There are 4 protein chains.
Amino acid sequence: MTGHVSEATIRRQVRFYECDPAGIVHFSWFFRYMEEAEYALWRRAGVRLGPTAEMAFPRVAATFDYRRPLRYEDEFEARIQVASIRSKTIKYSCELTLNGELAASGTMTVACVRKTPGAPMRAMPFPPEIIGRFSVPRS
Amino acid sequence: MTGHVSEATIRRQVRFYECDPAGIVHFSWFFRYMEEAEYALWRRAGVRLGPTAEMAFPRVAATFDYRRPLRYEDEFEARIQVASIRSKTIKYSCELTLNGELAASGTMTVACVRKTPGAPMRAMPFPPEIIGRFSVPRS
Amino acid sequence: MTGHVSEATIRRQVRFYECDPAGIVHFSWFFRYMEEAEYALWRRAGVRLGPTAEMAFPRVAATFDYRRPLRYEDEFEARIQVASIRSKTIKYSCELTLNGELAASGTMTVACVRKTPGAPMRAMPFPPEIIGRFSVPRS
Amino acid sequence: MTGHVSEATIRRQVRFYECDPAGIVHFSWFFRYMEEAEYALWRRAGVRLGPTAEMAFPRVAATFDYRRPLRYEDEFEARIQVASIRSKTIKYSCELTLNGELAASGTMTVACVRKTPGAPMRAMPFPPEIIGRFSVPRS
């Protein structure tokens, strides 16, 4: 038993204020949905994604391909998976599905940075107690 | 003189509510900044990006690579360019710069869809009076 | 058995992107939390709060008094109650609590308007099948 | 010459992502517009509204009464005025107008708090170099 975590799924309902005048979820919201799944993944792994006084986890890349719109009150699933792990970055893939049909698929890469007051944020390796909690799913 | 429009630049200040507890702009906001530049581009082209009763312009893909964080009160520029034009999609590239240094670079693809009440949105070619207003910049 | 609905409570966790650089939930988000409780209330009443082609339910007033900050990952409750019912408006009161302690208390008034294409929205009485589903709680 | 500042006005265009499926600005956005005007007011006063390591300026109350909806691309004005000044709070009133007609009127009260790591935020008097920059407008 390793305790490694590779994926997480959240179930979520579209809120009214997330939809735009076209009646569909504004595309920027999908990135927040992906982040919510990411937080669920880190919670499952027993580690905290939020910034501390010394460390933060900024995103260095994010993408989405949109297939079907989501609408107010739609109840969708967001499933995030660890796609690759490097010393300083973790990359995820994420699928949003509505009633089993793909609504959108995304990717996101998170880095670990050291915060020093008055200095720019600087990339650093993830601490082992964080990075060691995740693994890429076996195909 | 063709009147073709290939790019637009907006100048914009980071607002407090766009920043997260790490003290930097939340990554989801960059997509909204890119959209603001896109709206400026369409205005320059003399066409309106908003949905009508019959037509809408959903995004089918969006990406960002993040280089440097933006912070509260930073005044940055977002420059969007037409990257490619097809009958049913327009793809843009976008650069956000702060004091001349690259903060993030993104892409976005917008489609044209027909809205029929009670039916799913369906891809259609952009009307010529819209697509004819844009061109890819000469390299 | 009357089926009248007077209140609803939702349980909700603060998301990272709802917090600002001060590390607390931005005050504008409380209004969205109150709206989420309102949607739960209407669902309990068996009626739909979203706009239709002919009718919409804009807010005509909203207030919040803030007592304690909410922070990332806090799990709070939002309890909304019908405060008064008139033919054209419904007023709510709402309390947000964290671990049983009051975080904020708000009010909101929603109206019913007729949508006519090309004309301004116009106040109209709520249809009986909507207004008849709600009642003020007995004190 | 006192240098006291009593009001500020910003001009602002409604963005697409600020509008909801009813086609109008979501009511929660008005509070962000009011905050933008507040930041302009503090900038005029030569002081910075953002949180520091020791101090923050949370809102303790906020209200809006909505008269007319704002829509995508509307260019409106938000005018904020100092309504009252106490040692620990400043209260504002704010009017949003579109083409000279009142769209909404709001109020907001901001407090000054001391931040101590590990302890709750605690109300404190505004420093004189801040509070001394503002005054209530003469009627």
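What you see is a predicted model, and the numbers here were worked out from it, not measured in a lab. (Residues numbered from 1 in each chain as written. Chains lettered and ligands numbered in written order. Predicted model: local features only at pLDDT ≥ 70, side-chain atom pairs only at ≥ 80, totals over all residues. Heavy atoms only, no water.)

**Q** Got a sec to walk through the overall build of chain A? Specific residues and values, please.
**A** Secondary structure assignment for chain A yields 2 helices and 8 strands. Rg of the C-alpha trace for chain A: 16 Å, near the compact-globule value of 14 Å for 139 residues, within the 12% margin. Scored against the burial criterion, the 139 residues of chain A give a buried share of 53%. Counting only contacts in chain A whose residues sit at least 6 apart along the sequence, the fraction spanning at least 24 positions is 66%. (Helix = DSSP H or I, 4+ residues; strand = E, 2+ residues; numbered from the N terminus. Rg over C-alpha atoms; globule rule 2.2 N^0.38 Å. Buried < 20%, exposed > 50% of the residue type's maximum accessible area, 1.4 Å probe, protein only. Contact = heavy atoms within 4.5 Å.)

**Q** Could you give an account of the interface of chain B and chain A, with specific residues and numbers?
**A** Residue-level contacts link 24 residues of chain B with 24 residues of chain A. Roughly 2000 Å² of surface becomes buried between chain B and chain A when both sides are summed, with 64% attributable to carbon and sulfur atoms. For the pair chain B and chain A, the interface holds 0 salt bridges. At the surface where chain B touches chain A, the tally comes to 8 residue pairs in polar contact (both at pLDDT 80 or more). For the side of chain B that touches chain A, the elements supplying multiple residues, two or more each, are helix H1 (29-44) and strand S3 (59-66) of chain B. For the side of chain B that touches chain A, the element with the highest residue contribution is S3 of chain B, accounting for 8 residues. (Buried area = accessible area lost by both parts, 1.4 Å probe. Salt bridge = Lys/Arg side-chain N within 4 Å of Asp/Glu carboxyl O. Polar contact = N/O pair within 3.5 Å; in protein donor to acceptor, adjacent residues only side chain to side chain.)

**Q** I'd like to hear about the confidence of the model for chain A, residue by residue, with values.
**A** Predicted confidence across chain A gives a mean pLDDT of 94, with 98% of residues reaching 70 or more. Here the predicted complex scores 0.95 on pTM and 0.95 on ipTM. (pLDDT = per-residue confidence, 0-100.)

**Q** Which residues make up the nonpolar core, and what are the values?
**A** Ranked by internal contacts, the top residues of the largest apolar core, which has 192 residues, are Trp-42 of chain A, Trp-42 of chain B, Trp-42 of chain C together with Trp-42 of chain D. The residues contacting Trp-42 of chain B, other than those within four sequence positions of it, are Val-47, Arg-48, Leu-49, Phe-57, Ile-90, Tyr-92, Phe-126, Ile-130 and Phe-134 of chain B. (Core = buried A, V, L, I, M, F, W, Y, C linked by side-chain atoms within 4.5 Å.)

**Q** I'd like a rundown of the relation of the copies chain B and chain D, residues and numbers included.
**A** If you rotate chain B by 180° and push it 0.0 Å along the axis, it lands on chain D with an RMSD of 0.0 Å. Expressed as an axis order, the relation between the two copies is that of a two-fold axis. For chain B, the minimum C-alpha distance to the rotation axis belongs to Arg-12 of chain B and amounts to 5.9 Å. The fraction of interface residues of chain B whose copies in chain D are also interface residues reaches 100%, indicating that both copies meet through the same surface. (Least-squares fit on C-alpha atoms with pLDDT ≥ 70 in both.)

**Q** If you had to explain the pattern of salt bridges to someone new, which residues and values would you point to?
**A** Opposite charge on two side chains makes pairing possible when the charged atoms of those side chains draw close. Residues and elements named next belong to chain C. All told, the structure shown has 44 salt bridges over all chains when counted by the stated rule. For Glu-101, the salt bridge goes to Arg-68, with nearest N and O atoms at 2.9 Å. A residue pair is termed long-range when its members are at least 10 positions apart, and Glu-101 in strand S6 (residues 101-111) and Arg-68 in the loop between strand S3 (59-66) and strand S4 (75-85) qualify at 33 residues. A residue is classified by how much of its surface remains accessible, and Glu-101, at 40% relative accessible area, is partly exposed.

**Q** With reference to specific residues and values, describe the side chain of Arg-32 of chain C.
**A** Mapped onto the elements of the fold, Arg-32 of chain C is located in helix H1 (residues 29-45). As a buried residue without a salt bridge, Arg-32 of chain C has its nearest oppositely charged side chain in Glu-35 of chain C, at a separation of 7.0 Å. Among all residues touching Arg-32 of chain C, those that are not within four sequence positions of it are Tyr-17 and Trp-29 of chain A together with His-26, Ser-28, Trp-29 and Arg-32 of chain D. (Lys, Arg positive; Asp, Glu negative; His and termini not counted.)

**Q** Describe unusual backbone geometry, with residues and values.
**A** Residue and element names in this part refer to chain A. Residues other than glycine seldom take positive phi values, yet Glu-73 does so here, at roughly 80°. Of note, Asn-99 is a non-glycine position whose phi angle comes to about 55°, a positive value. Structurally, Asn-99 is set in the loop between strand S5 (89-98) and strand S6 (101-111).

**Q** Account for the pairing of strand S1 (residues 7-13) of chain D, with residues named and values stated.
**A** Residues and elements named next belong to chain D. Burial along S1 is one-sided: Ala-8, Ile-10 and Arg-12 are buried, while Glu-7, Thr-9, Arg-11 and Gln-13, pointing the other way, are not. For S1 and strand S4 (residues 75-85), the ladder comprises 7 bridges, and the chain directions are antiparallel. The residue of S4 that forms the bridge with Glu-7 is Gln-81. (Pairing = 2+ DSSP bridges.)

**Q** Provide a residue-level description of the interface of chain B and chain D, including the pertinent values.
**A** As a measure of interface size, the accessible area lost when the parts come together is often cited. Each side of the interface is counted separately: chain B has 16 residues, and chain D has 16 residues. The junction of chain B with chain D conceals about 1600 Å² of combined surface from both sides, 49% of it contributed by carbon and sulfur atoms. Together, Phe-16, Tyr-17 and Tyr-72 of chain B form the three largest contributors to the area buried by chain B at its contact with chain D, with a combined 35%. Counting the contacts that link chain B with chain D gives 7 residue pairs in polar contact (both at pLDDT 80 or more). Secondary-structure elements contributing two or more residues to the side of chain B that touches chain D are strand S1 (7-13) and H1 of chain B. The biggest single contributor to the side of chain B that touches chain D is H1 of chain B, with 6 residues.

**Q** Go over H1 of chain C with me, naming the residues and quoting the values.
**A** Residues and elements named next belong to chain C. Across its 17 residues, H1 extends 25 Å between first and last C-alpha, which sits within 8% of the 24 Å expected from 1.5 Å per residue. Of all 17 residues making up H1, 15 are buried, and the element is well covered by its neighbours. Immediately downstream of H1, the backbone of Gly-46 shows phi near 80°, a positive value. (Expected span 1.5 Å × (residues − 1).)

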